[in-house]
Each structure stands twice: as C-alpha cells, then as structure tokens.
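Spelled out, the chains give:
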Amino acid sequence: MNITVRKATEADIDMIAQALLEGSRAGKKIGLFDLVFNTSDEAALSDYLKRLSLASTKSYCHYSNFSIAEAGGERVGALCGYEPRIATHEIFSKALEEIGFDESYHERIAAYLLCEADVDNQTWVLDFIMVKNPFKSFEILKELIGKSMLAARLKGYRKVQTSVEIGSIETEIIYKKLGFSVIDEKRSEYYKEQFGRPGIMRLQMIL
C-alpha cells in the first residue's frame, strides 16, 4: 500500500472532527469532548469540533496542527502534532469562547485534569491519532508519526511526547514499537470512576 502524508486543510474538517472525537474517547463510551461540550450526541459533537477546528483562535484542535494520511486516493488516517508553548490551555478556552462555550467546562473535566500529563515548552506533542477501518495498519501510523516528528525536528524540537490511557494496550504497544518509552503515569480513583481506566501514562522519544 502506497501511503502519502500531507498537512491538513479545511477540506479535511470532517475527518479531523472524527479524529478528535475518537481519539479523545479511545474506545470508551465518553471522552474529554463529551464533557467539554456536555453532550454525547455525536452529530452535535461533530458540529462543535468542526467549529473549534476552524476557529480563528488556533488551539491544539485547529486543523492546521493535523496531518492526513492517504492511500489509493482515500483519506485513511489523521494525527495532531502541536507545540504546547503556543497551544496553551488559555488558547483552548479562548477558542471555545469564540464558538460560544464558557469556562464552566473546567468543573466537568476535573478528573481528567488530575491525570493530565505535565509537558514543558521544549516538547512537541502528538495526540488524536486515528486510522479508519478497515485500514488498521501499523504502516499508516508509522508514516503519520514519522511525518509529525520531522516537522518537530524542523522547528528545533528534540523531544516528542504523547499520552495514553493506562489500559490502552494496543496504542501503548504501537508507540513502543516506534521507539517511545513510558516516562511516568498519573492514577486517580476519580478518573477511574468517570472514565473506567486507572489514569494516564506519558511516553517520550528523544529525536
């Protein structure tokens, strides 16, 4: 299978919204955005995530942070790679405000914030990785992650990190096969009660 990876454009917004939703849920019934937008209605969530991705305030959810994998003329995968020193929590809140949501979401995501990974400003972050069925291919994931790490190197980054829920064995194995190592984890009973998983682990690769 011949795989090409390119930067996302506004034309990819449907797939980006899907990647944000599926990536945040990671196989669970609810994820971060269900709580941020206080709904689990997929049509509503898709609409909100499209608007968030197109907002003039460029949060980490902005389409410009995404790479798209194509094979046989079809979009088969997506990945977000961003700079946390630029795409801060404050920017995320500002982008939400732009599309009509206030900061009351903080209370709803309290369990997530307890386990959220600590990332310094010298680190490039990968998130919201998705490969469409029936293309669950390690090669697609490898190409997406490789392209994002190249972008990180070109911007001067020497560390790349990602976060994976403890218990997401398949995703953890993929990152480890690509050379990432677990550097820490955060556990919380509150997180487990809300999401059904013990917490979040952080993986890192030195470029």
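Residues numbered from 1 in each chain as written. Predicted model: local features only at pLDDT ≥ 70, side-chain atom pairs only at ≥ 80, totals over all residues. Heavy atoms only, no water.

K.L.:
It is not clear to me how the sheet that holds strand 6 (residues 181–187) should be interpreted in this structure. Could you clarify?
P.N.:
The strands that make up a sheet pair up through hydrogen bonds in the backbone, lying either parallel or antiparallel. If you walk across this open sheet you meet the seven strands as 1-2-3-4-5-7-6, and the pairing is mixed. At either end of the open sheet lies a strand with only one pairing partner, and these are strand 1 (3–7) and strand 6. Each adjacent strand pair in this sheet contributes to an overall mean axis angle of 25°, direction not counted. Looking at chain direction, strand 3 (residues 74–82) and strand 4 (residues 123–131) are connected through five bridges and run antiparallel. By the bridge assignment for strand 4, Gly81 is matched with Leu126. (Pairing = 2+ DSSP bridges. Helix = DSSP H or I, 4+ residues; strand = E, 2+ residues; numbered from the N terminus. Axes fitted to C-alpha atoms, helices over the stretch in contact; angles between N-to-C directions.)

K.L.:
What is the right way to read the state of the cysteines from this model?
P.N.:
Using the criterion set out here, one finds zero disulfides in the structure. Among the cysteines around Cys61, which has no disulfide bond, Cys80 carries the closest sulfur, lying 7.0 Å off. Judged by its relative accessible area of 0%, Cys61 falls in the buried class. The cysteine Cys115 is free of any disulfide, with Cys61 supplying the nearest cysteine sulfur at 19 Å. (Disulfide = S-S within 2.5 Å. Buried < 20%, exposed > 50% of the residue type's maximum accessible area, 1.4 Å probe, protein only.)

K.L.:
Help me understand the environment of Ile129 in this model?
P.N.:
If you trace the backbone, Ile129 turns up in strand 4. Relative accessible area serves as the criterion here: at 22%, Ile129 is assigned to the partly exposed category. Among all residues touching Ile129, those that are not within four sequence positions of it are Ala78, Leu79, Leu141, Ile145 and Tyr175. (Contact = heavy atoms within 4.5 Å.)

K.L.:
Mind showing me how you'd approach helix 3 (residues 42–54) here?
P.N.:
Each turn of an α-helix holds 3.6 residues, which means side chains three or four residues apart point in the same direction. The end-to-end C-alpha distance of helix 3 is 18 Å, a good match for the 18 Å that 13 residues give at a rise of 1.5 Å each. Taken residue by residue, helix 3 has Leu45, Leu49, Leu52 and Ser53 as its buried positions. Seen from one end, helix 3 has its buried residues packed into an arc of 95°, which puts them on one side. The elements touched by buried residues of helix 3 are helix 1 (13–25), helix 2 (32–36) and helix 4 (89–98). The distance from a side-chain oxygen at the start of helix 3 to the backbone nitrogen of Ala43 is 3.3 Å, and the residue carrying that oxygen is Asp41. (Expected span 1.5 Å × (residues − 1). Arc of directions from axis to C-beta. Polar contact = N/O pair within 3.5 Å; in protein donor to acceptor, adjacent residues only side chain to side chain.)

K.L.:
Can you help me understand the pattern of salt bridges in this one?
P.N.:
It is possible for side chains of opposite charge to pair when their charged atoms get near one another. Applying the stated criterion to the full structure yields 17 salt bridges. Between Lys155 and Glu83 there is a salt bridge whose closest N-O contact spans 3.8 Å. Of this pair, Lys155 sits in the loop between helix 7 (138–154) and strand 5 (159–165) while Glu83 sits in the loop between strand 3 and helix 4, placing them 72 residues apart in sequence. On the basis of relative accessibility, which here comes to 52%, the residue Lys155 falls in the exposed class. Shared partners join several salt bridges into a network, and the residues in it are Arg6, Asp12, Glu70 and Arg75. (Salt bridge = Lys/Arg side-chain N within 4 Å of Asp/Glu carboxyl O.)

K.L.:
I keep staring at the nonpolar core and nothing clicks. Help me out?
P.N.:
The nonpolar side chains of a soluble globular protein tend to be buried with one another. With 41 residues, the main nonpolar core has Phe33, Val36, Phe37, Leu52, Phe66, Phe92 and Leu96 as its most contacted residues. For this core, the leading source of residues is helix 1, giving seven residues. Leaving out residues up to four positions away in the same chain, Phe37 has contacts with Leu45, Tyr48, Leu49, Leu52, Leu96, Ile99 and Phe101. If you look at the next biggest cluster of nonpolar residues, it comprises 26 residues, including Val5, Ala69, Val76 and Ile174. (Core = buried A, V, L, I, M, F, W, Y, C linked by side-chain atoms within 4.5 Å.)

K.L.:
Just to check I follow, could you spell out a negative patch on the surface for this structure?
P.N.:
A grouping of Glu90, Glu97, Asp102 and Glu103 is seen on the molecular surface, where their side chains present a negatively charged patch. Position of Glu103 relative to the elements: it lies in the loop between helix 4 and helix 5 (105–108). (Patch = residues over 30% accessible without salt bridge, like charges linked within 9 Å, V, L, I, M, F, W, Y side chains within 5 Å. Areas by Shrake-Rupley, 256 points an atom, 1.4 Å probe, with all protein chains shown as cover. Lys, Arg positive; Asp, Glu negative; His and termini not counted. Charge placed at Lys NZ, Arg CZ, Asp CG, Glu CD.)

K.L.:
Help me out: how do you make sense of the packing of aromatic side chains in this one?
P.N.:
Any two aromatic rings considered together are summarised by their centre-to-centre distance and by the angle between their planes. The final tally for this structure, using the stated rule, is 12 aromatic pairs. Here Tyr60 and Phe128 contribute two aromatic rings whose centre-to-centre distance is 6.1 Å and whose plane-to-plane angle is 15°, an arrangement assigned as stacked. Taken together, the residues Tyr60 in the loop between helix 3 and strand 2 (66–71) and Phe128 in strand 4 connect sequence positions 68 residues apart. An identical accessibility class is assigned to Tyr60 and Phe128; each is buried. (Phe/Tyr/Trp six-rings, centres within 6.5 Å; stacked < 30°, edge-to-face > 60°.)

K.L.:
Would you take a moment to explain the environment of Ser181 for this structure?
P.N.:
Its place among the elements puts Ser181 in strand 6. Look at Ser181 and you get partly exposed, because its relative accessible area is 41%. Taking the C-alpha atoms as reference, Ser181 lies 5.4 Å from Gln204; in sequence the two are 23 residues apart. Excluding anything up to four places from it in sequence, Ser181 contacts Arg202, Leu203 and Gln204.

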